[in-house]
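Each chain, written out:
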Amino acid sequence: MPPVFVVSILTLSLSLILPAFSTSSGLLAADSTPATFAGKTGDWHGFTSHELEIAGKPVLVVTPEKAAEGQPWVWHGEFFGHKPAPDIELLKLGFHCVYMKIPDMLGSPDAVRYWDQCYEQLTGKYGLAKKVGLVGLSRGGLYCYNWAAANPDKVSCIYGDAPVCDFKSWPGGRGTGKGSDRDWKLVLDRYGFDSEQEALAYSGNPVDNLKPLAETGVPLLHVYGDADEVVPCEENTELLAKRYRELGGNIQLIRKPGVKHHPHSLNDPTPIVEFIASAAGVPYGNPRRPRRDPVDQRAAKLQPSSRVVYKTVDDRELYLHVFNPEDLQAGDKRPCFIVIHGGGWTGGEPHRMSPFADHYRDQGLVGISVQYRLLNKQKGISIFDCISDTNDAVRFVRTHANTLNIDPEKIIVCGGSAGGHLAAETALYSEDSDSKVSAVPAALVLLFPVIDTSTEGYGNAKIGARWREVSPAHQVDGKVPPTIIFHGTGDTVTPFQGAVAFQKAMEQHGNRCELVAHEGGRHGYLMSDETLLDETLRQSDEFLSSLNLLNNR
């Protein structure tokens, strides 16, 4: 008999006689040709699923039409198939999706051992990537975090969706949640506790066992409702995030205000897919343009404390990128600095303006960079929709002042270029909502703004016949918040004379308006010169201090 068959028979024989928790598939050489997925096949949202058995337990593997380089995969703790949009997008990118059906084990040590066996089979026999992205919905968080803590070097990232991070909270119900008597009894049984006291003293819950993940640099993303009555966020996601950051770990939070334990996920799965794909090194979406100026360079080093859904339009979430000061405490009433990105209303992203939000975070304010719908005539999105979004963002911040720990009377709005126009419109445009909550800020900081939308300015063709309704230089009437404008005299995109006209109109109506002119400065001049950027921030600080808007503690 040829030697290769001897090896094959020996491997098969060992796999049959080793215990269920063995790692017999690890006998296969790492560089051997991966086996083809066997078992019963089916259709899962247009992709082929395979029903396997590993360690005596059913395993479902959904395969992409074409696997991405490196064979990336995601692994669900529980509830695979619920809210499938992120998985469908990942399959399109070439990911495999895996679920091992071991319900009612709640991430117990035996569940971890079953996962060990599954991992060895999938990476050894079937050649999937050595690092896997974990997906933990609700109680699935216990499976993902407990296995990850035991195997941090095998994890590319963890996406938790309203995840259970401490079984004392759920199913124990020892906090503000109602708990589950049935599942609490399962915890006592599956973890082998002799008493409730032993379970309550247990120090191996995800919130207690984050150090291995932080030391390995595993990135985390949690999506959660802040009104979750089943898995309270204060006892789970928010506690875990606090501890992970204290350990130097990287965690992103997406908070859904007023949302309970359901619904899970996001209407637009893009942030979830971006996170998982990035951790696996798989290209997705439109990559950010190369870092090319001081603002981009600073932004590349920054990450918001959280993203908060402030509005949902056509099943798409819009976010506030929130930068909290380190010493922020519940009950604080900090001033808030809101910044809006430019891009001619048709481009740009909140991340671009992160350095401005971060600067004021360092000063003790809550900094926020706003996402809004971009002008797209084919989709029926107009500049008036952009204005509606950014005005609603200010209203949301004011309405949720207690949750955000801000002073609703000390909201500053800033914007650059088209973002400067949108910032000005928070004070000047009021026809976009029936809300009784005002969008008018306490002050405006405008950076080379679109301030005149006539044919002498910028944007007239994009806006059309209604341009005068949203032309700040033509809207000033009565009381407008104190404003400082930074503008280059050589700006040919948003001409300098528009800023001059706006200042004149402001002064004629008794409003305070300071115009800081940079001789010869072209459009966006301060973004490309670090000295000018710092000087602009310093001058903004002085202006805001004169208005008593930086008394932040």
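As the structure is a computational prediction, the values presented were derived from the model and not from experiment.

Notes on the overall build of the protein chain
Move 1: Secondary structure assignment for the protein chain yields 18 helices and 17 strands.
Move 2: A compact globule built from 553 residues should have a C-alpha radius of gyration of about 24 Å, and the protein chain, at 27 Å, falls within 12% of that.
Move 3: Taken along the three principal axes of its C-alpha coordinates, the protein chain extends 95 × 55 × 40 Å.
Move 4: Taken over 553 residues, the protein chain has a buried fraction of 58%.
Move 5: Of all intrachain contacts in the protein chain linking residues separated by at least 6 positions in sequence, the fraction that spans at least 24 positions is 73%.
Move 6: With the model as given, the accessible surface of the protein chain reaches about 23500 Å², and the carbon-plus-sulfur share is 49%.
Move 7: Each charge sign in the protein chain was given a centre, from 54 positive and 67 negative side chains, and these centres are 1 Å apart.

Brief notes about the nonpolar core
Move 1: Formed by 52 residues in total, the largest nonpolar core has its most connected members in Leu 320, Ile 338, Trp 345, Ile 368 and Val 397.
Move 2: With eight residues, helix α12 (residues 383-399) is the single largest residue contributor to this core.
Move 3: With 45 residues, the next largest nonpolar core counts Trp 75, Met 100, Leu 134 and Tyr 143 among its residues.

Re helix α2 (residues 85-93)
Move 1: Residues of α2 that are buried include every one of Pro 86, Asp 87, Ile 88, Leu 90 and Leu 91, and no others.
Move 2: As for α2, its buried residues are in contact with β1 (40-44), β2 (47-54), β3 (57-63), β4 (73-76), β5 (96-100) and α9 (270-280).
Move 3: Immediately beyond the C-terminal end of α2, within one or two residues, lies Gly 94, with a positive phi of roughly 105°.

Digging into the pattern of salt bridges
Move 1: For the structure shown, the criterion picks out 29 salt bridges.
Move 2: Salt-bridge contacts for Asp 392 lead to Lys 311; the nearest nitrogen and oxygen are separated by 2.8 Å. Within this pair, whereas Asp 392 is found in helix α12, its partner Lys 311 is found in strand β10 (residues 306-313), the two being separated by 81 residues in sequence.
Move 3: Close ionic contact of Arg 334 with Asp 327 constitutes a salt bridge, the shortest N to O distance being 3.2 Å.
Move 4: The exposure class assigned to Asp 327 is partly exposed, which follows from its relative accessible area of 32%.
Move 5: When salt bridges that share partners are traced, they join Lys 311, Arg 373, Asp 385, Asp 389, Asp 392 and Arg 395 into one network.

Brief notes about the packing of α12 against helix α14 (residues 418-428)
Move 1: At a minimum axis distance of 9 Å, the contact between α12 and α14 shows a crossing angle of 65°. Considering only the axes of α12 and α14, their crossing is right-handed. Between α12, through Ile 383, Cys 386, Ile 387, Thr 390, Asn 391 and Val 394, and α14, the contact on the second element is made entirely by His 421, Leu 422, Glu 425 and Thr 426.
Move 2: The residue inventory of the contact of α12 with α14, partitioned by class, reads five nonpolar, four polar and one charged.

Regarding unusual backbone geometry
Move 1: For the peptide bond that leads from Trp 170 to Pro 171, omega is 10°, which places it in the cis range.
Move 2: Cis geometry is found at the peptide bond from His 262 to Pro 263, where omega equals 0°.
Move 3: Inspection of the secondary structure puts Pro 263 in the loop between β9 (251-256) and α9.
Move 4: Its identity is not glycine, yet Asp 315 carries a phi of approximately 65°, on the positive side.
Move 5: Looking at where Asp 315 falls in the secondary structure, it is placed in the loop between β10 and β11 (316-323).

Some words on the state of the cysteines
Move 1: Considering all chains together, one arrives at zero disulfides under this definition.
Move 2: Cys 97 forms no disulfide, and the closest cysteine sulfur to it belongs to Cys 157, at a distance of 12 Å.
Move 3: Among the residues examined, Cys 97 registers a relative accessible area of 0% and is labelled buried.

Description of the pairing of strand β15 (residues 443-447)
Move 1: Of all five residues in β15, five are buried; the element is thus mostly enclosed.
Move 2: Here β15 shows two buried faces, one formed by Ala 443, Val 445 and Leu 447 and the other by Leu 444 and Leu 446.
Move 3: Across four bridges, the pairing between β15 and strand β16 (residues 483-488) is parallel. Within the sheet, the bridge partner assigned to Leu 447 lies in β16 and is Phe 486.

Scoring rules and cut-offs
- Residues numbered from 1 in each chain as written.
- Predicted model: local features only at pLDDT ≥ 70, side-chain atom pairs only at ≥ 80, totals over all residues.
- Heavy atoms only, no water.
- Helix = DSSP H or I, 4+ residues; strand = E, 2+ residues; numbered from the N terminus.
- Rg over C-alpha atoms; globule rule 2.2 N^0.38 Å.
- Buried < 20%, exposed > 50% of the residue type's maximum accessible area, 1.4 Å probe, protein only.
- Contact = heavy atoms within 4.5 Å.
- Areas by Shrake-Rupley, 256 points an atom, 1.4 Å probe, with all protein chains shown as cover.
- Lys, Arg positive; Asp, Glu negative; His and termini not counted.
- Charge placed at Lys NZ, Arg CZ, Asp CG, Glu CD.
- Core = buried A, V, L, I, M, F, W, Y, C linked by side-chain atoms within 4.5 Å.
- Salt bridge = Lys/Arg side-chain N within 4 Å of Asp/Glu carboxyl O.
- Axes fitted to C-alpha atoms, helices over the stretch in contact; angles between N-to-C directions.
- Left-handed = near helix turned anticlockwise from the far one by under 90°.
- Nonpolar A, V, L, I, M, F, W, Y, C, P; charged D, E, K, R; others polar.
- Disulfide = S-S within 2.5 Å.
- Pairing = 2+ DSSP bridges.

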